[in-house]
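Structural characterization, general
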Amino acid sequence: MADDKEREGTELVVAEYHRKIKEAFEVFDHEANNTVDVRIKAGAFLPGLSSGVSREIGTIIRSLGCCPSEGELHDLIAEVEEEEPTGYIRYEKFLPVMTEVLLERRYRPIPEDTLLRAFEVLDSSKRGFLTREELIKYMTEEGEPFSQEEMEEMLSAAVDPESNSIHYKDYIAMMVVDES
Amino acid sequence: MSTHDLEDMGCGTSSSTKDRKSEKALKAALVIQNWYRGYSARLKARQRYALTIFQSIEYADEQGQLQLSNFFSFMLENYTQIHEKDPELVARLFGRTLQDSKDRQEYVSFVDVPDSYNGPRLQFPLTFTDIDLLVEAFKQQQILHAHYVLEVLFETKRVLKQMPNFTQVKTSPTKEITICDRGKHSMEILMILFVSFLVYPNDLHLNRGNHEDFMMNLRYGFTKEILHKYKLHGKKILQILEDVYTWLPIGTIIDNEILVIHGGISESTDLNLLHRIERHKMKSVLMPPISIDEDQDTDLKKTKTGANVVPREGKTNESPSEQLPKHEWEQVIDILWSDPRGKRGCYPNTSRGGGCYFGPDITSKILNKFQLKMLIRSHECKPEGYEICHDGKVVTVFSASNYYEEGSNRGAYIKLCCDMTPRFFQYQVTRATCLRPLYQRVNTMESSAIRILKERMLSRKTDLIRAFQLQDRSKSGKLSMGQWAFSMENTLGLNLPWRSLSPHLVTTDKNGNINYMSTFQDIHIQKPVKEAQSTLIETLYRYRSDLQIIFNVIDSDHSGLISMEEFRAMWKLFNSHYSIHIEDFQVDELAERMDLNKDGSIDFNEFLKAFYVVHKLEKLNKSDGQSP
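**Quick look at the overall build of chain B**
Assigned secondary structure in chain B consists of 25 helices and 20 strands. The long-range fraction of contacts in chain B, counting pairs at least 24 apart against all pairs at least 6 apart in sequence, stands at 70%. Accessible area for chain B stands at about 28500 Å²; split by element, carbon and sulfur atoms hold 50% of it.

**Looking at the overall build of chain A**
In terms of regular secondary structure, chain A is built from eight helices and four strands. If you list the helices and strands of chain A from N to C, you get α-β-α-α-β-α-α-β-α-α-β-α. For chain A, with 180 residues in total, the buried portion stands at 42%. Long-range contacts, defined as pairs at least 24 residues apart, comprise 58% of the intrachain contacts of chain A with a sequence gap of at least 6. Roughly 9700 Å² of accessible area belongs to chain A as shown, and the carbon and sulfur atoms make up 51% of that amount.

**Concerning the sheet that holds strand E5 (residues 339-340) of chain B**
Residues and elements named next belong to chain B. Taken in spatial order, the three strands make up an open sheet running E5-E7-E6, and their pairing is mixed. In this open sheet, the two edge strands, each paired with only one partner strand, are E5 and strand E6 (346-348). Of the strand pairs in this sheet, E5 and strand E7 (residues 356-358) are connected by two bridges, and their pairing is parallel. Residue pairing across strands places Asp339 opposite Tyr357, the latter belonging to E7.

**Details of the interface of chain A and chain B**
Each partner contributes residues to the interface: chain A has 53 residues there, and chain B has 51 residues. Overall, the association of chain A and chain B removes approximately 5100 Å² of surface from exposure, summing both partners, and the carbon and sulfur fraction of that is 59%. For the interface between chain A and chain B, the tally reads five salt bridges. Note that Glu23 of chain A and Arg499 of chain B form a salt bridge whose closest N and O atoms lie 3.5 Å from each other. Here chain A and chain B share 14 residue pairs in polar contact (both at pLDDT 80 or more) between them. Elements represented by at least two residues in the side of chain A that touches chain B include exactly helix H1 (2-28), helix H2 (52-63), helix H5 (112-122), helix H6 (132-141), helix H7 (148-158) and helix H8 (168-179) of chain A. Taken together, the residues of the side of chain A that touches chain B break down into 25 nonpolar, 10 polar and 18 charged.

**Observations concerning unusual backbone geometry**
All names here are of chain B. Cis geometry is adopted by the peptide bond preceding Pro125, which originates at Phe124 and carries an omega value of -5°. One non-glycine residue with positive phi stands out, namely Asp391, at about 55°. Residue placement: Asp391 occurs in the loop between strand E9 (386-389) and strand E10 (394-397).

**A closer look at the nonpolar core**
One finds Phe94 and Met98 of chain A together with Leu453, Trp484 and Trp498 of chain B to be the most contacted residues of the largest nonpolar core, which totals 64 residues. Among the elements that take part in this core, helix H1 (residues 17-77) of chain B stands out by supplying eight residues, more than any other. Beyond its immediate chain neighbours, meaning those up to four positions away, Met98 of chain A contacts Ile21, Ile61, Leu64 and Cys66 of chain A. With 41 residues, the next largest nonpolar core counts Tyr117, Val152, Phe154 and Ile226 of chain B among its residues.

**What to know about the sheet that holds strand E3 (residues 251-254) of chain B**
All names here are of chain B. Pairing within the open sheet is mixed, and its six strands lie in the order E1-E3-E4-E8-E10-E9. Edge positions in the open sheet fall to strand E1 (166-169) and E9, since each of these has one partner strand only. When strand polarity is set aside, the average angle formed by the axes of neighbouring strands in this sheet is 20°. In this structure, strand E8 (residues 374-377) lies alongside E10, joined through three bridges in parallel fashion. When the bridges of E10 are listed, Leu375 appears paired with Val394.

**Considering the confidence of the model for chain B**
Residues and elements named next belong to chain B. On average, chain B scores 77 in pLDDT, and the residues at 70 or more come to 73%. Confidence, read as mean pLDDT per element, is least for helix H12 (residues 298-304) in chain B (35) and greatest for helix H14 (residues 360-369) (95). Note that pLDDT drops below 50 for residues 1-12; the model gives that stretch 21 contacts with residues more than four away or on any other chain. Low pLDDT, under 50, characterises residues 618-628; the stretch is placed with 10 contacts to residues that sit more than four places away or in other chains. Both scores are available for the predicted complex, with the pTM at 0.68 and the ipTM at 0.86.

**Comments concerning the packing of aromatic side chains**
Taken as a whole and judged by the stated rule, the model has 14 aromatic pairs over all chains. The interplanar angle of 55° and the centroid separation of 5.4 Å between the aromatic rings of Phe146 of chain A and Tyr36 of chain B together place this pair among those described as tilted. With one member in each of two chains, Phe146 of chain A in the loop between H6 and H7 and Tyr36 of chain B in helix H1 form a pair that bridges those chains. According to the relative accessible area criterion, Phe146 of chain A is buried, its value standing at 6%. For Tyr36 of chain B, a relative accessible area of 4% corresponds to the buried category. Arranged with centres 5.1 Å apart and planes meeting at 40°, the rings of Phe468 of chain B and Tyr516 of chain B form a pair that is tilted.

**Concerning helix H9 (residues 222-229) of chain B**
Residue and element names in this part refer to chain B. Among all positions in H9, only Phe222, Thr223, Glu225 and Ile226 are buried. Projected down its long axis, H9 shows its buried positions confined to an angular sector of 160°, all on one face. More than 90 degrees from the buried face of H9, the exposed residues found are Lys224 and His228.

**Some words on helix H3 (residues 70-80) of chain A**
The α-helix advances 3.6 residues per turn, and as a result positions three or four apart in sequence lie on the same side. Residues and elements named next belong to chain A. Of the residues making up H3, those classed as buried are Leu73, Leu76, Ile77 and Val80. The buried residues of H3 all sit within an arc of 100° when viewed along its axis, so they share a single face. Exposed and oriented more than 90 degrees from the buried face of H3 are Asp75 and Ala78.

**What about the side chain of Arg279 of chain B?**
Residues and elements named next belong to chain B. Summarising the element assignment, Arg279 is placed in the loop between helix H11 (271-276) and H12. The charged side chain of Arg279 is buried without a salt bridge, its nearest counter-charge being Glu278 at 10 Å. At 2.9 Å, the side chain of Arg279 forms a polar contact with the backbone oxygen of Leu160. Look past the residues within four positions of Arg279 in its chain and what remains in contact with it is Leu160, Met163, Pro164, Asn165, Arg208, Thr246, Trp247, Leu248, Pro249 and Ile250.

**Here's the deal with the confidence of the model for chain A**
Scored by pLDDT, chain A comes out at a mean of 78, with 78% of its residues at no less than 70. Confidence over residues 32-54 of chain A falls short of pLDDT 50; this stretch has 53 contacts with residues more than four positions distant or in other chains.

What counts and what doesn't
- Sequence positions are assigned chain by chain, starting from 1 and proceeding in written order.
- The lettering of chains begins at A and the numbering of ligands begins at 1, in the order of writing.
- Given that this is a predicted model, residues contribute local features only at a pLDDT of at least 70 and side-chain atom pairs are listed and counted only at 80 or more, while totals for whole chains, interfaces and linings are drawn from all residues.
- Values reported for side chains reflect all heavy atoms of the structure, with hydrogen atoms and water molecules removed beforehand.
- Strands are runs of DSSP state E lasting at least 2 residues, helices are runs of H or I lasting at least 4, and numbering of each runs from the N terminus.
- In this description, contact between two residues means that some pair of their heavy atoms is separated by no more than 4.5 Å.
- Every accessible area reported is derived by Shrake-Rupley at a probe size of 1.4 Å, with residue values counting cover from the shown protein chains alone.
- Using a 1.4 Å probe on the protein chains alone, a residue whose accessible area is under 20% of its type maximum counts as buried, one over 50% counts as exposed, and one in between counts as partly exposed.
- Any two strands are treated as partners once DSSP identifies two or more bridges connecting them.
- Simply put, the buried area is the total loss of 1.4 Å probe accessible area from both parts when two parts are fitted together.
- Between Lys or Arg on one side and Asp or Glu on the other, a salt bridge is scored when a side-chain nitrogen of the former is within 4 Å of a carboxyl oxygen of the latter.
- The definition of a polar contact used here is a pair of N or O atoms within 3.5 Å, where within protein one atom must be able to donate a hydrogen and the other to accept one, and adjacent residues in sequence count solely through side-chain atom pairs.
- Under this grouping Gly is polar, as are all residues other than the nonpolar Ala, Val, Leu, Ile, Met, Phe, Trp, Tyr, Cys and Pro and the charged Asp, Glu, Lys and Arg.
- In plain words, nonpolar cores are sets of buried Ala, Val, Leu, Ile, Met, Phe, Trp, Tyr and Cys residues tied together by side-chain atoms within 4.5 Å.
- Every axis corresponds to a line fitted to the C-alpha atoms, with the helix fit spanning only the stretch in contact, and the corresponding angles, defined between N-to-C directions, vary from 0 to 180 degrees.
- Per-residue confidence from the predictor is given as pLDDT, running between 0 and 100.
- Here a Phe, Tyr or Trp ring, Trp counted by its six-membered ring, pairs with any other such ring whose centre lies within 6.5 Å, and the pair is stacked when the planes are under 30 degrees apart, edge-to-face when over 60, and tilted otherwise.
- The arc refers to the directions leading from the helix axis to the C-beta atoms.
- Under the counting rule used here, the positive set is Lys and Arg, the negative set is Asp and Glu, and His together with the chain ends is not counted.

Structure follows, in C-alpha cells:
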C-alpha cells in the first residue's frame, strides 16, 4: 500500500517535471506547435555564432534551476545529441535525461555563502572588494574562462561606477534579491 | 570534481603553498563562473518568457479581429433590417468610398501654410535635401505641416498607381540590396519613407504589410495619432492615406529568385493570379467582400464561390467594381498575414485570425512552382531581429528593436548581393538600453509583460473563476498546479509557460497548491460608476478595442461623437453577435449615469477610456524598480 502511494507520488512528480521541461523547451523553440517532435535549432545557419547546440540547451537546463559547469554541460549534451550530430536535439531524447537530472537533484545551485567565500578567496587582502582588472583576470584566465560577452555582461552589473571596483557583498545581495 | 568544495586538501610543504593558493583561486573562479552562468541563463529565460507573453497577447488581439470581421459581415448580411431602421447608419457604415472626385490640386491649394510655421518646408519635385530636412526636423520633434503631408501623399499615390503588383529588382556587383521592415506606426517614419521613395523611386521599394490597412490603423491607434497631430486636416489625410495603402505593391521579386512579401504564403498561393489582380480594391482585412443580394439566403453561397457584389438600387455606395472577388481577397490576406511554422502542411492561422501557418513542404512546393529560391518576410518579432527556417528557404527580418518594451528584442536588416548569401546586421537602439545592465532591462520587460497579462486575466475574470470552481470540487479555494495551468490556458486561449510564470501571478501554499483567487488580488478594474454591475464593467473592458473600432467606423466624420440612437443600434447588434448577456437597458443606464450625453450624443472615447485597470502594487514598484 505504501509502495503504491509512493509510486503514485513519484509518477505525479515526474508528470509535473515533464510539463515544466516541455514549457521551458517550447519557449525557446518557436517553431513548435504543441507537438512532441520539437527540435532546437543549432547555430548551423548562422555564421559567426559559436557552437549553437550548447547555447540554447544550456540556457534551458539552467533555467530549470540546475547549475552544471561547462564541462558537465558538454557531457550532458553528448548524452542527448544525435549519433551523427545534426546540430539538432530532439525533445524525445532530452526529456528522459532531463527528468533524471531533476529527480536526482543533480547540479544543485551554489549557496549564497559559498559564493561569498569564493569572492573572499580571490580578495586575498580582504579589502571587501575586487578591482575591475582583478575580476577580469580571474574570470577570463582561470577555471572555465568567460567569453568577452559574458565578461562585459557581468561587469555592467557588478562594477560600482564611482570606485570602479566590485563590492562583492553588495553585488551578491542585489543578485539574490533580483532572483527571488 | 565538485565545484562547491573550497576546503583545502592536505597540508603540504612550503613549495606547494603557491600551488594550494592557485588551486584555491581556481576553485573560487569556478564557483563564481558557475553561479554567474546559471544566473545569466535564468535572466535570458525570463526575457524569453516576457517576449512570449507580449507575442501571444498581440496575436490574440489580432485574432479578435476575426471575430470583428465576422461581425461586420454579419452586419452586412443583416443589411436589410438595419437599413429599414436606420438608413443613415447604413450609409455611414458601408459608404466608405472615397469622394476623391476632388482634384488633388484643388484640395491641397486650400490648405495654407502660414508664415509662422517653423517646421520643414518641402520643395516639389523632391530631392535628397528634402529627406535630410525631414530627418533633422523630426529629430527635433517637429511636425510636418498638413499641406506637405497631403502633397506627399497625393504624389506617392500617383507614382504607386503606375507600379505593378510586384516590383522587379536586380542586384549587380555594385548594387547591394537592403531589406528591412517598418515596425511600429509613426507618421514621421511614414513621411520619411514616402519622401525617400519619391526622390528615389527606382531604388526604394515598398511592400504592403498587414498594418497598411485603415481598419488596423483604427485598432492600433495610428488613426488617433494622426487626428491628434492634425486636428484640422486629419480626416483628409486619413482618407488619402487609406488610398495610398491600397496602392502599395504586394511584393518585390529580386533577380527572379527571391520573393519579398510581408507575411507569407499558403498552399494555394498563386503568384500569376496575384500579378493580375486589381490590388487597390483590397481595402481591409476586416472587410471581406460580401455579396448583397435581394435574396438573403443565397448570400453565403454566393460568397463562397467568389461571386461579385450585386448592387442594390443605388442604396449602397459599395458598387461591384469596388471590391475584389473573394478568392482574390483571400490570396492577398494570405500574403499579408501568414506565418511559417515547423509543422508540415497548411492550416488556419488561429493566433492572428487571418492567413495561415505554412510548413516547409508548402514553402518548397510554392517556391518550386514559381521557380523561386527564397522567401524573405517580416510580420513576426524575433529576439535577434531575424530568423532563418525551412532549411534556409524562409528568412524573417524584423527591424524595430525594442518593439514591445525596452530590451525586448534586437532589430536587424539584410544585405544581399549577387552571390545571394544574405548578410545580417543587428542592432538595438537607445543609448539607455545599451548602458543599462541586462538584469535591469529584463526586470523592466518582465514587469511590463506581467502587467498586461494580468490585465488580460482580469478581463476574463468571470470565466476564469467559473473554470477554477469547476475543478475545485471540494470548494477548498485551491487547485493543483496542473489544474490551475489548464484552466488558465483554456480560458484565456494563450499558450504560455504557466508553471514558470505562476510565481508572478498567484500565491501557493506549502504543499505547492495554488490559491486560485489570489490571481485577482492585486488588480481590479476601476468602476466608472460605483453601482454598475461587475460583469457589465468586465465585458465592456474586455471588448473595448472592438467597440472602439466599431464606433470609429460609425463616426465617419471623425468627430468623436455618435448619437445615442447609433450607440443603441450598434450595441444591440454587437450584443447579439457576440452573445453577450447584458441587457440593453443596463448599458443605456451606464451611459447616462456617466453623464456622457451631451445633446444626445456620446463621446465614445471618453466612454471607453473610463474603463481602466488599477494595479495595486504600482506605487510600490516605482520606488524600488524591481518586479513584484
